[in-house]
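Results of the structural survey
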Amino acid sequence: MKLYSVSRRGLLKGGAVLGAGLAAPTIFTSRASAFTNEPTGSTVTLGFNVPQTGPYAEEGKDELRAQQLAVEHLNGEGDGGMLNTFSSKALQGNGILGKKVTFVTGDTQTKSDAARASAKSMIEKDGAIMINGGSSSGVAIAVQGLCQDAGVIFMAGLTHSNDTTGKDKKANGFRHFFNAYMSGAALAPVLKNAYGADRRAYHLTADYTWGWTQQESIVAATEGIGWETVETVLTPLASTDFSSYIAPVLNSGADVLVLNHYGGNMVNSLTQAVQFGLRDKTVNGKQFEIVVPLYSELMAKGAGENIKGVLGSMNWNWQLDDAGTKAFVQSFGKKYGFPPSNSAQTCYAQVILYADAVARAGSFNPCAVVEALEGGDSSLPGVSSAANKGFLFDGLGNGPTLYRSADHQCFKDVLVVKGRENPTTEYDTLEIVEKTPAAQVWYEPDHPMFAGGNLGTCNPGA
Amino acid sequence: MDAIILQLLNGLDKGSAYALIALGLSLIFGTLGVVNFAHGALFMIGAFCAVTLNKLFSLSTVTIDPTKKDFLGNPLQVKTPYLESWFGDFGAGLMDWSVPLSILFSIPIMLAIGFVMERGLIKHFYKRPHADQILVTFGLAIVLQEIVKAFYGANPISTPAPDLLKGSLDFGIILGFDPNAVIYPAWRFVYFLFAAVIIGGVFAFLQFTTFGMVVRAGMADRETVGLLGINIDRRFTIMFGLAAAVAGMAGVMYAPINSPNYHMGMDFLVLSFVVVVVGGMGSLTGAVAAGFLLGILESFASMNEVKSFFQSIMLPSIDQIIIYLVAVIILLTRPRGLMGRKGVMED
């Protein structure tokens, strides 16, 4: 008697179904929870995805220091830092919604695939409910997409490409850091005052998403003040010797070199441009100038004395004198012995903002968090726009700041900085030239530089 | 014309770095038959010798200035380098010239590192396949760069040239062009001269000394030289040390051009291997010639006019692929490279 029979076709079908089931990431399979990684115990886990190896490892370390400090402050340890100055008072120093905050870390290696893998691991294996950190727009866009699909919140770290909250924006993703458009809008008037309206600019640009959008933004902003763009040249991201790209600048007729480079690229291209004598040159009857639109304290240190007098922009600087900055610098400085970088500040602020949104929403559900961060009808003073709606806050170091609901981009004052001529300490590399008001760097959500994306709807995952 | 001369100078300068690293690689391959993927790390360690001496020279005494505040509002700690407080202007001069002085500092260090590397690790892989040698030396390179990162961090560290050589030279006047038409950094020109002296010195050492003659004989026929009662292994170990010292000095002098970081060796490694293969495995002259050739081609490929031309024939980003493109063409037409010898790497 034959009790059952197994056909070859049936076996193959069954095997395929079983294999697909086993292979499917757990984040895409259904579960009893209302949303991905719903915290059920007495703790809640945050995932800090920063570059711990690779060229931006120092920046990643600084982000991690700030994130750890934020966790301490959320759990009621230490001096409380910017929780004392934050305008929202929903956080009580007892964790988030009474759950003690713990964290896991991942290494982005400043590579999109590695960053996605580490974020995925933190979500699937460690139960992280929010991912924060990173030092590259390529990484931020990749991880933001993953978090959207996984149903967790992504609070971006250092990402300056317009695309992060432009064509690649996602409902589950939020950016506190400023962007390339804002750099252009803040820098242009200062450049006009410092160097005049009759200038010819030559751009060297890192050949990836951030470089392209920064070049587009700075070209538009400088042409808006009357400058002519002589040439735009893309340089390979892996370049270390820029001499063959700098040499053509000498006789191009340009009198300004704009370096759309970041990190090691910026250190090397600026150093080499100075070695080529560009800053000692007179062209068109004017002193030749170099502009570095995006500065970082850590990279400014690497460039040494070459940054003296070179203008650029920043999201934040430890030398600001508002109460939030003072509280953060004291807290960070006492713990680690040196002032925080602007990537540290943005990560700290993002962790606090996430925790505050959960507390205000009364839920860890990503959709409730998105609603809390979008904030309803608060608006930024001094800006007349239908899109001026979102969550308005203050006391996190940047003055009044709006998390705009339309694209999840923060709007706040932007700093224009300059390499200090006579630094008194090793941290004193940059000086603040101007604090550009948020209204001046405002743009509409449908601005052409940010067009093409769709925020979509929040994804709770489960 | 001025643009072409500028790119020629650039190419010679880039080629100097490629040639110096490739020369060391070829020396090691030609003598010991080892494909040393840790050679880039030796270049990086050389650059960090310059960083280290600079830091040693900058060791400071700390005094408190109550009139100034630090970032936490405490009285400012003012650092005065010991060299300056002990020797005044002479001490300041030593600090200013720390990079050239680092050459003397780096030679014994690099010789020692080369000796330890060869005796401690690489000699155990002489009779193993090239793939094993590549794996172990690549692993060693990663270990060395992680050690450097642990001590110095991942950020580039500014290591400036002496004030006297920081500026640029006006070659335009020398060559009969308008003033400022052909400006080139003084330190890069020094680097080119330095590379020429080192390359010339290595060739002269091999060509005109008894030691060099034995080494060349060993490179041609190791067994016969051994049968003559000469300890060729000891001489080859010394050559490994010499190759390490050449890479180290190249790194020291490169420190003011690119602020040293732990990854800089890897940035040069792949290109240098292409240079060695194009020059011909084991050929010292080929390595040097290919280094300069590829350096010059890479520079010309970065010119906007050249890029535009290749873009128009559907070949974008020629500056990024030129070296590999030329390598493919040369290896297709001359499979042993420009000056490769028969029988090398053909087993």
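Residues numbered from 1 in each chain as written. Chains lettered and ligands numbered in written order. Predicted model: local features only at pLDDT ≥ 70, side-chain atom pairs only at ≥ 80, totals over all residues. Heavy atoms only, no water.

A closer look at the overall build of chain A
- Each helix and strand counted, chain A has twelve helices and 17 strands in total.
- Taken along its principal axes, the extent of the C-alpha atoms in chain A is 100 × 55 × 45 Å.
- The buried share among the 462 residues of chain A stands at 60%.
- Put simply, of all contacts in chain A between residues at least 6 apart along the chain, 72% involve residues at least 24 apart.
- Summing over all exposed atoms, chain A offers an accessible surface of approximately 15,900 Å²; the carbon and sulfur share of this is 51%.
- Across chain A, the mean location of the 36 positive side-chain charges is 7 Å away from that of the 43 negative side-chain charges. (Helix = DSSP H or I, 4+ residues; strand = E, 2+ residues; numbered from the N terminus. Buried < 20%, exposed > 50% of the residue type's maximum accessible area, 1.4 Å probe, protein only. Contact = heavy atoms within 4.5 Å. Areas by Shrake-Rupley, 256 points an atom, 1.4 Å probe, with all protein chains shown as cover. Lys, Arg positive; Asp, Glu negative; His and termini not counted. Charge placed at Lys NZ, Arg CZ, Asp CG, Glu CD.)

Examining the overall build of chain B
- If you tally the helices and strands in chain B, you get 15 helices and four strands.
- Computed over C-alpha atoms, the radius of gyration of chain B comes to 22 Å, within 12% of the 20 Å expected from 2.2 N^0.38 for 347 residues, which places it in the range of a compact globule.
- Structurally, chain B occupies a C-alpha span of about 75 × 55 × 40 Å along its principal axes.
- Buried residues in chain B amount to 51% of all 347 residues.
- The contacts in chain B between residues at least 6 apart in sequence include a share of 72% that link residues at least 24 apart.
- Accessible surface computed for chain B: about 15,400 Å², of which carbon and sulfur atoms make up 68%.
- In chain B, which carries 21 positive and 22 negative side-chain charges, the distance between the mean positions of the two groups comes to 10 Å. (Rg over C-alpha atoms; globule rule 2.2 N^0.38 Å.)

Observations regarding the nonpolar core
- Core analysis: the biggest nonpolar cluster contains 129 residues, and L257, L278 and Y354 of chain A have the highest contact counts within it.
- Broken down by element, this core gets its largest block of residues, ten residues, from helix α11 (residues 342-361) of chain A.
- Taken domain by domain, the makeup of this core includes at least three residues from each of domain 1 (43-178 + 318-407) and domain 2 (181-314) of chain A.
- In contact with L257 of chain A, not counting residues within four places along its chain, are Y202, L204, V249, A273, L278, F288, E289, I290 and V291 of chain A.
- One finds C49, I103, A161 and M253 of chain B within the second-largest nonpolar core, a separate group that totals 93 residues. (Core = buried A, V, L, I, M, F, W, Y, C linked by side-chain atoms within 4.5 Å. Domains from an automatic or database assignment.)

A closer look at helix α12 (residues 366-374) of chain A
All names here are of chain A.
- Taken as a whole, α12 has its buried residues at P366, V369, V370, A372 and L373. Looking down the long axis of α12, one finds its buried residues gathered within 165° of arc, a one-sided arrangement.
- Along its buried surface, α12 packs onto β4 (153-156), β5 (173-174), α11, β13 (390-393) and β14 (401-404).
- A side-chain oxygen of the first residue of α12 lies 2.9 Å from the backbone nitrogen of C367; this N-cap is N365.
- Two residues or fewer after α12 comes G375, characterised by a positive phi angle close to 75°. (Arc of directions from axis to C-beta. Polar contact = N/O pair within 3.5 Å; in protein donor to acceptor, adjacent residues only side chain to side chain.)

Some points on the sheet that holds β5 of chain A
Residues and elements named next belong to chain A.
- Within the open sheet, the five strands sit side by side as β2-β1-β3-β4-β5. Their pairing is parallel. Among the strands making up the open sheet, the edge pair consists of β2 (100-107) and β5.
- Pairing of strand β3 (residues 130-133) with β4 involves four bridges; the strand directions are parallel. Bridging from a neighbouring strand, M130 pairs with I153 of β4. (Pairing = 2+ DSSP bridges.)

Focus on the state of the cysteines
All names here are of chain A.
- Taken as a whole, this structure holds one disulfide over all chains when the rule is applied.
- The disulfide partner of C367 is C458, and the gap between their sulfur atoms is 1.9 Å. The chirality of the disulfide connecting C367 with C458 is right-handed, given an S-S dihedral of about 110°. Taken together, the positions of C367 in helix α12 and C458 in the segment after β17 (430-436) put the pair 91 residues apart, joining distant regions of the chain.
- For C367, a relative accessible area of 22% translates into the label partly exposed.
- For C458, a relative accessible area of 25% puts it in the partly exposed group.
- No disulfide involves C410; its nearest neighbouring cysteine sulfur is the one of C347, lying 13 Å away. (Disulfide = S-S within 2.5 Å.)

Observations concerning the side chain of N388 of chain A
Residues and elements named next belong to chain A.
- Mapping N388 onto the fold places it in the loop between α12 and β13.
- Its relative accessible area of 5% is what places N388 among the buried residues.
- Not counting chain neighbours up to four residues away, the residues in contact with N388 comprise S378, S379, L380, V383, L402 and W442.

Details of helix α12 (residues 264-279) of chain B
Residue and element names in this part refer to chain B.
- For α12, with 16 residues, the first-to-last C-alpha span of 23 Å sits near the 22 Å given by 1.5 Å per residue.
- Within α12, 13 of the 16 residues are buried, which leaves the element mostly enclosed by the surrounding structure.
- Of the residues trailing α12, G280 is marked for its positive phi of about 115°. (Expected span 1.5 Å × (residues − 1).)

Considering the environment of S405 of chain A
Residues and elements named next belong to chain A.
- The residue S405 is located in the loop between β14 and β15 (410-411) in this model.
- Residue S405 is classed as partly exposed on the basis of its relative accessible area of 21%.
- Taking the C-alpha atoms as reference points, S405 and F450, separated by 45 residues in sequence, lie 15 Å from one another.
- Excluding anything up to four places from it in sequence, S405 contacts E374, K389, G390 and L455.

Comments concerning the interface of chain A and chain B
- Taken residue by residue, the interface counts 48 residues in chain A and 38 residues in chain B.
- Around 3,300 Å² of area is buried between chain A and chain B when both sides are counted, 48% of it from carbon and sulfur atoms.
- Interface area lost by chain A to chain B is led by S244, Q275 and F276 of chain A, which between them contribute 17%.
- There are four salt bridges connecting chain A and chain B.
- Salt-bridge contacts for K14 of chain B lead to D241 of chain A; the nearest nitrogen and oxygen are separated by 3.8 Å.
- Taken together, the links from chain A to chain B amount to 16 residue pairs in polar contact (both at pLDDT 80 or more).
- Looking at the side of chain A that touches chain B, the elements that each hand over two or more residues are α2 (57-74), β7 (228-235), α7 (243-250), α8 (264-275), α9 (297-303) and α10 (323-336) of chain A.
- Per-class residue counts for the side of chain A that touches chain B are 20 nonpolar, 19 polar and nine charged. (Buried area = accessible area lost by both parts, 1.4 Å probe. Salt bridge = Lys/Arg side-chain N within 4 Å of Asp/Glu carboxyl O. Nonpolar A, V, L, I, M, F, W, Y, C, P; charged D, E, K, R; others polar.)

A word on the domain arrangement of chain A
All names here are of chain A.
- When the domains of chain A are assigned, the result is domain 1 (43-178 + 318-407) and domain 2 (181-314).
- Averaged C-alpha coordinates put domain 1 and domain 2 at centres separated by 30 Å.
- On the domain 2 side, the residues contacting the 16 residues of domain 1 number 19 residues.
- With both chains or domains summed, domain 1 and domain 2 bury close to 1,500 Å², and 59% of this area falls on carbon and sulfur atoms.
- The largest share of the area that domain 1 buries against domain 2 comes from H160, N162 and F178, three residues that together contribute 38% of it.
- Where domain 1 touches domain 2, the interface holds zero salt bridges.
- At the surface where domain 1 touches domain 2, the tally comes to twelve residue pairs in polar contact (both at pLDDT 80 or more).
- Counting only elements with at least two residues in the side of domain 1 that touches domain 2, the list comes to α2 and α4 (137-150).

A few points about the packing of helix α8 (residues 186-208) of chain B against helix α13 (residues 284-301) of chain B
Residue and element names in this part refer to chain B.
- Relative to each other, α8 and α13 sit at 165°, their axes nearing to 12 Å. Between α8 and α13, the interaxial angle falls into the category roughly antiparallel. You can see that α8 and α13 cross each other, and the crossing is left-handed. In contact with F192, I199, F203 and L206 of α8, α13 contributes L284, T285, V288 and F292.
- Looking at the contact of α8 with α13 residue by residue, the class counts come to seven nonpolar, one polar and no charged. (Axes fitted to C-alpha atoms, helices over the stretch in contact; angles between N-to-C directions. Parallel < 35°, antiparallel > 145°, perpendicular 65-115°, else oblique. Left-handed = near helix turned anticlockwise from the far one by under 90°.)

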